[in-house]
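Results of the structural survey
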Amino acid sequence: MPPILKSILKLIVVIVLIVMAFQVNWLIGVAAIVVILGYFVYVNRSAMYAQRGNLAYMKGDREQALIWMEKAYVSKAFLPKHQIGYGYLLMKTGDLTKAEQMFEEVLQSAKASDIRIQAKLNVATVYWLKNKRDEALSMLQELANEVKNTLVYGNYGYFQILQGDLEEALTYNLEAYAYNDSDITIMDNLAQNYYMLGRLNEADEMYTKVIAKTPKHAESYYFYARTLQQLGRTQAAREQIETALGKELALVTPLTKEDITLFASELGDEAVVQ
């Protein structure tokens, strides 16, 4: 039976029960509503906790986000999509072992292909952060051979750049761009790939498209600033690096905040000389 039909039938049953309760006595009817609402809250408590965790994370309160996500997890009714979100938060806070546990549990229980793909991509990220880079790349390559979608293209394309085989990475990132030329991650990968190969005009052209989408991480602005500096456009580079200073680094990154600060200082000195 389709899930939506099951939901409709459950709603009909609830309404019938409430009507019957009121026909007996209005107090019994009110009691039935209270009991049904209490049951609904209890059954859906995990999703409610997860939602509160997501809201706390969006507000920048990672400590509270972790508390609510843990409550959702131990409630034993944790949805796989929320478990992936919890695992990602654990990665962000450095608890890689527990994050890996979250993703592995999803892989053991989830049947939906999109959820399983997300879990595998996150396991690969955990491997990379644990310096198990061969395992990470092997998992991503296997997934890329099986699946052609935007999420996989974006992840594997980026990790190939980090691995350092830039020509092979470019082949894959061009394939990704042909698949989806409007996805910001795919575009950003291609732009960074061009920059690292010294193909600055192509990097400039692609970064122009990336920046128009207002990327949230510092790496995009940093590498665009590098591109502009090498093209002799120092003032434009300074504008990009100033933006980079106010952005958060990605979870997996070749940069540190010190790299960005140092380059900002270099650009400032160049501007004074000019």
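Residues numbered from 1 in each chain as written. Predicted model: local features only at pLDDT ≥ 70, side-chain atom pairs only at ≥ 80, totals over all residues. Heavy atoms only, no water.

1. Here's the deal with the packing of helix H10 (residues 166–179) against helix H11 (residues 184–196)
Put simply, the test is: A fitted line through C-alpha atoms serves as each axis, taken over the contacting stretch for helices, and the angle formed by two N-to-C directions is quoted from 0 to 180°. Only DSSP runs of H or I covering at least 4 residues are called helices, and only runs of E covering at least 2 are called strands; the numbering of each starts at the N terminus. Our angle categories are set so that under 35 degrees counts as roughly parallel, over 145 as roughly antiparallel, 65 to 115 as roughly perpendicular, and the remainder as oblique. The sense of a crossing depends on the near helix, which, turned anticlockwise from the far helix by less than a right angle, makes the crossing left-handed and, turned clockwise, makes it right-handed. Residue contacts are defined here by distance: any two heavy atoms, one from each residue, within 4.5 Å place the two residues in contact. Residues are grouped as follows: Ala, Val, Leu, Ile, Met, Phe, Trp, Tyr, Cys and Pro are nonpolar; Asp, Glu, Lys and Arg are charged; every other residue, Gly included, is polar.
One can describe the packing of H10 onto H11 by two numbers: an axis separation of 9 Å at closest approach and a directional angle of 150°. Classified by the angle between their axes, H10 and H11 sit roughly antiparallel to one another. The crossing of H10 and H11 is left-handed. Between H10 and H11, the contacting residues are Leu166, Ala169, Leu170, Asn173, Leu174, Ala176 and Tyr177 on the first element and Ile186, Met187, Asn189, Leu190, Asn193, Tyr194 and Met196 on the second. Partitioning the contact of H10 with H11 into residue classes produces 11 nonpolar, three polar and no charged.

2. Details of the environment of Met69
In this structure, Met69 sits in helix H4 (residues 62–74). Sequence-distant contacts of Met69, defined by excluding residues within four places in its chain, comprise Ala50, Asn54, Phe78, His82, Tyr86 and Leu89.

3. Things to note about the pattern of salt bridges
Operational definition: Here, a salt bridge means any Lys or Arg side-chain nitrogen found within 4 Å of an Asp or Glu carboxyl oxygen.
Overall, the coordinates contain six salt bridges when judged by the stated rule. Here Glu100 makes a salt bridge to Lys130, at a shortest N to O gap of 2.8 Å. Of this pair, Glu100 sits in helix H6 (residues 96–109) while Lys130 sits in the loop between helix H7 (113–129) and helix H8 (133–146), placing them 30 residues apart in sequence.

Keep in mind these values describe shape, not function.
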